[in-house]
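Residue-level structure breakdown
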Amino acid sequence: RALASSTDCHRHSCTATRRLKRSCIAARIALRIASSRAAACDTQAAIAVSKPYFAIAAAVRHAIGQSTTMAAMTTSRFDTLQAPPKDPILGVKEEFLADAATDKINLSVGAYRTDEGQPWVLPPVAEARKRLIEGKLEHEYLPSTGLKSYCDRVDLLLRGKTSETSATVQGLSGTGGLRLCFEFLRRHHSPTVYVPAVTWSNHWNVLRDAGCDARPYTYLDGIKLDWPKLVADLEQAEEGAIILLHLCAHNPSGVDPSSEQWRELCALCQRKRFLPVFDSAYLGFASGDVDKDAAPFRLFCENGLQPWACISFSKNFGLYSERAGAVVASCASAREASAVRGHLGKLARALYSNPPAFGARVVDAVLADAALEARWRECLVVMSGRIADMRAKLRSALEARTARDWFVHCVGIKVRASARAIDATVSARWRDGRCPRRSHITSQVGMFSYTGLNKQQVLRLRAEHHVYMLESGRLSMAGVTSSNVEPLAAAIAAVL
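Because the structure is a prediction, the values reported are computed rather than measured.

Now for helix 12 (residues 334-351). If you check helix 12, its first and last C-alpha atoms are 26 Å apart, about what 18 residues at 1.5 Å a residue would give, namely 26 Å. Of all the residues in helix 12, the buried ones are A337, V340, L344, G345, L347 and A348. For helix 12, the angular spread of buried residues about the axis comes to 160°, placing them on one side. Structural note: helix 12 exposes R335, K346, R349 and A350 on the side pointing more than 90 degrees away from its buried face. The inward-facing, buried residues of helix 12 abut strand 2 (166-172), helix 6 (173-188), strand 9 (308-312) and strand 10 (324-330). Note on helix 12: the residue one or two positions beyond its end, S353, has a positive phi of about 75°.

Okay, here's the thing in structure tokens:
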């Protein structure tokens, strides 16, 4: 490419040079003519006759300057810049869209779908949207901290009660909220953030760009929670640091701590003086019950840890493109809350000035109306229930096709080993907790499932069966439907 660009520049340069030579020849001829005509004239007449020559000379100098500028402009300023690698999630979606197969299955992007595989506009959301559009809807700027009534209702939804020591500001859904949150915490608390080693891939991007020192802590062993190592890692962590936690429906695994483990983790964070930050992208999606899913955050509040949370309403309200979210900060006093809110607004002003209004107004309208909120909570039951139903159907379909623990190869057991050897190894590992059985499909919660499939198997699923999931083996259960669950199970069984 560089050679071609250089050749192109040279060709243009040669053309310009030939034109300039012709202009110079014309200028010399004009000079001779002017000189011969002025020979018999006085000085003033000679100057008058020579004026056209000077004009031609000036034009030649200008053309030379223009040619030099154009030659410089043909050189690329970003010639050494390489295209970045595709996003591990969005890149798979691009591959799916480019696949011409009619039986392809997309299990990559975390967006809810009906059993017909279609997006769902929640009825209470549609009603709130209709009321807003039919009302006096204006398009004025919101404050940098967002729509106040929305922030107050979001805070109440998460906490279950009002708090004068809370500073809640509107964010650009979950991602923007995380960026704003960690930008603030790096400046005013600590740059050190402990992150689950298995987490949403964009967490690392957000923390890097916020200037944080992101350090992984153990989360999974295969497809089960590695609680002993998780605790051991955090015991060795820097005191007073920030710890990132998934509130519920862990992405990408769907593996959450138990209630008892949350209590143990709460005590550990208190002892180490951690600042807990909960990523809440799936509130209500894990169990269908907002209050149950919010329990870890409320537990940490009750124990005085002053946790923060970054909330997204993309999934639980279906407002994917509206970027409705919030940063919820727990503070020690009302004065401190006011100061924190002010600084978050100041950062928002520099990052994006002010947040979009429409999505926040929709959420605000639903939560402000008791009837609409009740219907929204029913929608959460419907969505989480459909996903749980698909988990059960996928597990059943896999068991029917494989007749034994279908992912045992993912925990170090060779698939081609004898049945007796497999059974003995599985039994041993099952007893000491290292080899969960097929039930992980149904014991995991939320939108995603960590299948245990390896990269080679995932790539075979794409190439041979047009099934698209992440290379980590994570699939979006929202993309599984009654019509594709059997073909999906058959494809998985074929690559084992």
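Let us look at the packing of helix 4 (residues 123-134) against helix 13 (residues 358-368). For the pair helix 4 and helix 13, the least separation of the axes is 9 Å and the interaxial angle reads 110°. Comparing the axis directions of helix 4 and helix 13 gives the class roughly perpendicular. Here helix 4 and helix 13 pass one another in a crossing that is right-handed. On helix 13, the residues touching P124, V125, A128, R129 and L132 of helix 4 are F358, R361, V362, A365 and V366.

Here the focus is the pattern of salt bridges. Scanning the entire structure with this criterion turns up 26 salt bridges. Between D155 and R159 there is a salt bridge; the shortest N-O distance is 3.0 Å. Here the residue D155 and the residue R159 both occupy positions in helix 5 (residues 148-159), the gap between them amounting to 4 residues, near one helical turn. For R159, a relative accessible area of 11% gives the class buried. Where salt bridges share partners, they join R179, E183, R186 and R187 into one cluster.

Conventions adopted
Residues numbered from 1 in each chain as written. Predicted model: local features only at pLDDT ≥ 70, side-chain atom pairs only at ≥ 80, totals over all residues. Heavy atoms only, no water. Helix = DSSP H or I, 4+ residues; strand = E, 2+ residues; numbered from the N terminus. Expected span 1.5 Å × (residues − 1). Buried < 20%, exposed > 50% of the residue type's maximum accessible area, 1.4 Å probe, protein only. Arc of directions from axis to C-beta. Contact = heavy atoms within 4.5 Å. Axes fitted to C-alpha atoms, helices over the stretch in contact; angles between N-to-C directions. Parallel < 35°, antiparallel > 145°, perpendicular 65-115°, else oblique. Left-handed = near helix turned anticlockwise from the far one by under 90°. Salt bridge = Lys/Arg side-chain N within 4 Å of Asp/Glu carboxyl O.

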